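# Architecture and fold: a report
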Amino acid sequence: MITVDKALNMIVDNASPLSAKTMATEHAHTFVSVNDIVADRPLPPFNRVAMDGYAVRSTDFSSPEIELKLKGQIQTGIQSELVVEPGEAVNVMTGAPCPAGADAVVKVENSKVSGDVVTLHEDNIRPGLNIASMGEDKSRGDLLIQAGKPLSAADIAVAASVGLAEIEVYQKPRIKIISTGTEIVHPSVTPLDHQIRDCNSYSLRTMCRPYRLENEFLGIGEDDKDVLSALIQKGLDSEILLLSGGVSMGDYDHIPKLLSENGVKKIFHKIKVKPGKPVWFGKTDKETFVFGLPGNPVSVQSCFRIFVEPLIKKLSGYKQAQHAFLKLPLSQDAKSKTPREHYMPGKIKVTDSGTAVEPVQIRGSGDFSNFAESQGLFLMPGSKRVLEKGELVDFLPWSDTW
Ligand code: AMP
Ligand code: MG
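Residues numbered from 1 in each chain as written. Chains lettered and ligands numbered in written order. Predicted model: local features only at pLDDT ≥ 70, side-chain atom pairs only at ≥ 80, totals over all residues. Heavy atoms only, no water.

## Observations regarding the sheet that holds strand S18 (residues 265-269)
Heads up, the condition is: In this analysis, strands are considered paired if DSSP registers two or more bridges between them. Here a helix means four or more residues in a row that DSSP labels H or I, a strand means two or more in a row labelled E, and each is numbered from the N terminus. Orientation is described by lines fitted to C-alpha atoms, with helices fitted over the stretch in contact, and by angles between N-to-C directions that extend from 0 to 180 degrees. Contacts are assigned to residue pairs with any non-hydrogen atoms lying within 4.5 Å of each other.
Reading across the sheet, the six strands line up as S16-S13-S17-S21-S20-S18 and stay open at both edges, with mixed pairing between neighbours. Two strands close off the open sheet at either side, each with one partner strand: strand S16 (215-221) and S18. Each strand of the sheet is rotated relative to its neighbour by a mean of 15°, with strand direction disregarded. Across six bridges, strand S13 (residues 175-180) lies against S16 in parallel orientation. Bridge pairing in S16 places Ile 177 opposite Phe 217. Sitting on the sheet, helix H1 (residues 4-13) touches S18, strand S20 (280-283) and strand S21 (289-293), and the angle it makes with S18 is about 155°. The sheet contacts of helix H6 (residues 297-315) involve strand S17 (240-244), S20 and S21, and relative to S21 the element is tilted by about 170°.

## Brief notes about the nonpolar core
Side chains of nonpolar character tend, in soluble globular proteins, to be buried together. The condition is simple: For this analysis, a nonpolar core means a set of buried residues of the types Ala, Val, Leu, Ile, Met, Phe, Trp, Tyr and Cys, connected via side-chain atoms within 4.5 Å. Classification of residues uses two cut-offs on accessible area relative to the type maximum, computed with a 1.4 Å probe and protein chains only: under 20% is buried, over 50% is exposed, and between them is partly exposed. The domain limits used here are those given by an automatic or database domain assignment.
Leu 242, Phe 291, Phe 307 and Leu 311 are the most contacted members of the largest nonpolar core, which has 42 residues in total. When contributions to this core are tallied by element, the ones reaching two or more residues are H1, S13, helix H3 (200-208), S17, S18, S21, H6 and strand S26 (376-380). Among the elements that make up this core, the one with the highest residue count is H6 (ten residues). Formed jointly, this core draws a minimum of three residues from each of two domains, domain 1 (4-18 + 172-315) and domain 4 (326-397). Setting aside its immediate chain neighbours within four residues, Phe 291 contacts Ile 11, Leu 241, Leu 242, Leu 243, Val 279, Trp 280, Phe 281, Phe 307, Val 308 and Leu 311. Core analysis: the next-biggest nonpolar cluster, separate from the first, contains 15 residues, Leu 228, Leu 258, Trp 280 and Val 290 among them.

## A short note on H1
Definition in use: Working definition: the arc comes from the directions between the helix axis and the C-beta atoms, pointing outward to the latter.
Here H1 has its buried residues at Val 4, Ala 7, Leu 8, Ile 11 and Val 12. Each buried residue of H1 lies within a common arc of 125° when the element is viewed along its axis, so the set occupies one face. Of the residues in H1, the exposed ones pointing more than 90 degrees away from the buried face are Asp 5 and Asp 13. In this fold, the buried residues of H1 make contact with S18, strand S19 (273-274), S20, S21, H6 and strand S24 (341-351).

## Concerning the sheet that holds strand S8 (residues 111-114)
The six strands are arranged S7-S4-S6-S5-S9-S8 in an open sheet whose pairing can be described as mixed. Edge positions in the open sheet fall to strand S7 (104-107) and S8, since each of these has one partner strand only. Along the sheet, successive strands turn relative to each other by an average axial angle of 40°, direction set aside.

## Description of the site of ligand 1
What counts here: A single heavy atom is enough: if one lies within 4 Å of a molecule or strand, its residue is considered near that molecule or strand. Pairs of N or O atoms within 3.5 Å make up the polar contacts considered here, provided that, within protein, one atom can donate a hydrogen while the other can accept it, and that residues adjacent in sequence are counted only when both atoms are side-chain atoms. Using a 1.4 Å probe, the Shrake-Rupley method yields the accessible areas, and only the shown protein chains count as cover for residues. Each residue is assigned to one of three groups, with Ala, Val, Leu, Ile, Met, Phe, Trp, Tyr, Cys and Pro labelled nonpolar, Asp, Glu, Lys and Arg labelled charged, and all others, Gly among them, labelled polar.
Taken together, 16 residues surround ligand 1, and among them Glu 183, Asp 198, Cys 199, Gly 246 and Gly 295 come closest. Backbone polar atom of Cys 199 to a nitrogen atom of ligand 1: 3.0 Å apart, as the coordinates give it. Gly 246 is positioned with one of its backbone polar atoms (N or O) 2.9 Å from an oxygen atom of ligand 1. Surface burial for ligand 1 is 77%, taken as the share of its 490 Å² of free accessible area covered by protein chains. Looking at the shell around ligand 1, the elements with two or more residues in it are S13 and strand S15 (196-197). By residue class, the composition of the shell around ligand 1 is five nonpolar, eight polar and three charged.

## As for the confidence of the model for the protein chain
Keep in mind that low pLDDT regions are not for reading the predicted coordinates in detail. Applied cut-off: pLDDT expresses, on a scale from 0 to 100, how confident the predictor is about each individual residue.
Across the protein chain, the average pLDDT comes to 97, with 100% of residues at or above 70. At the low end of the mean pLDDT range in the protein chain sits helix H7 (residues 368-371), at 96; at the high end sits S17, at 99.

## A closer look at the pattern of salt bridges
Defined as follows: Here a salt bridge means any side-chain nitrogen of Lys or Arg lying within 4 Å of a carboxyl oxygen belonging to Asp or Glu.
Taken as a whole, this structure holds 15 salt bridges when the rule is applied. Of the charged contacts, one joins Glu 216 and Lys 176 as a salt bridge, the two residues approaching to 3.5 Å between their closest N and O atoms. Of this pair, Glu 216 sits in strand S16 while Lys 176 sits in strand S13, placing them 40 residues apart in sequence. For Lys 176, a relative accessible area of 13% gives the class buried.

## Some words on unusual backbone geometry
Here the residue pair Leu 43 and Pro 44 is connected by a cis peptide bond, since its omega of -10° sits within 30 degrees of zero. Position of Pro 44 among the secondary structure elements: in the loop between strand S2 (37-38) and strand S3 (48-49). Of the consecutive residues Lys 274 and Pro 275, the connecting peptide bond is found in the cis state with omega at -5°. Tracing the chain through its elements places Pro 275 in the loop between S19 and S20. Although it is not a glycine, Thr 30 adopts a positive phi angle of roughly 75°. Locating Thr 30 in the fold gives a position in the loop between strand S1 (20-24) and S2. By relative accessible area, which is 8% here, Thr 30 ends up buried. At Asn 130, a residue that is not glycine, the phi angle is positive and equals roughly 60°. Position of Asn 130 among the secondary structure elements: in the loop between strand S9 (117-121) and strand S10 (131-132).

## Notes on the domain arrangement of the protein chain
Test applied: By buried area we mean the combined loss of accessible area, with a 1.4 Å probe, across both parts when two parts are placed together.
Domain boundaries in the protein chain define domain 1 (4-18 + 172-315), domain 2 (20-43 + 137-170), domain 3 (48-132) and domain 4 (326-397). Computed over C-alpha atoms, the centres of domain 1 and domain 2 are 34 Å apart. Facing six residues of domain 1, the contacting portion of domain 2 comprises seven residues. When the two sides are added together, the surface that domain 1 and domain 2 hide from each other amounts to roughly 530 Å², 50% of it contributed by carbon and sulfur. Contact with domain 2 buries surface across domain 1, with Leu 18, Lys 172 and Arg 212 losing the most and accounting together for 81% of the total. Our count for the contact surface shared by domain 1 and domain 2 stands at zero salt bridges. Scanning the region where domain 1 abuts domain 2 turns up three residue pairs in polar contact (both at pLDDT 80 or more).

This is how it looks when you write it as structure tokens:
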């Protein structure tokens, strides 16, 4: 059995970013930019007035309150040749270019106009007051968004601001999903005593949503080789096929053998982890990646987060496809019986003394109802059986697609 680290490296190293496409910047949220995005002009592009008020020469302030000749007005968006000479002020609006000669802006609240004279009061006059000078945020050519980063709302704003109405991004993987198990029925069916309603296809499809992945549920396959083979064949027409159930050691756990028979080459089977020990991973010659996930709902959700998401990230062009854990203290002791690396459900607890992870008690991998209280997974290393209150743990929130 391989370790989690080894499995994650094998997943990420076997995949490469998909090909690029050009899309409208307004639709590019969560897509990953292929290119570095740089400033096409200084930011701000001119000495920008930061307050509605009066552009002045700071050296005119021989005392906090002075009278100046009101020379005119500069409206935002209108070009002006006005120059502020000694003894003069120009009325300016937020966002307008600061007129030549002026080096400070006194806010309108500190002014009184009478005819063409303005009285200004400013206790803290200094050059640069209420002016954002040209290039103070970034110079022309400075890096604004690094290639390989998923685009946030703020990044989309930056891209638009440097004139990119379209942007080159990596395509995202299309996902196909199959639930397996003779006992599994559709949620709309009233189950017989021995039957279980399918919930795995629901959690998996929902977990694809923050990444905005096209995904399709191919249906529930009973534990019959022909039925499952036919479904697998349909699923291989995608970048990632996810199956739940049928990967363990039971007589009806056909999935590993059927995947091999259908041209999926095994990369690994079984990981030293809890939950998720029976995870099967492979790919076809046509670069369809396949995960056989254990059927327990807790395992499915945990394994998607731990193992499938780094693959999605790598294929989508993320430079950082591996997990970035948060480091948080535990709010109370946590115990595990397994010598495997254990990803345990936790929720965030905020108190006056800080933020901590509180373990969520579940009765096992089938206990999806108590598990639903969790906000992420914290890691109990394989070398430990106990983590004490206050110890820092690696915490993986359920979503990090900011
Ligand atoms: P398996 O991995 O096939 O041995 O399944 C492990 C457990 O998960 C069994 O109790 C199954 O009934 C349950 N299970 C499998 N698939 C699903 C599903 N799609 N929805 C809910 N429970 C499932
Ligand atoms: Mg099964």
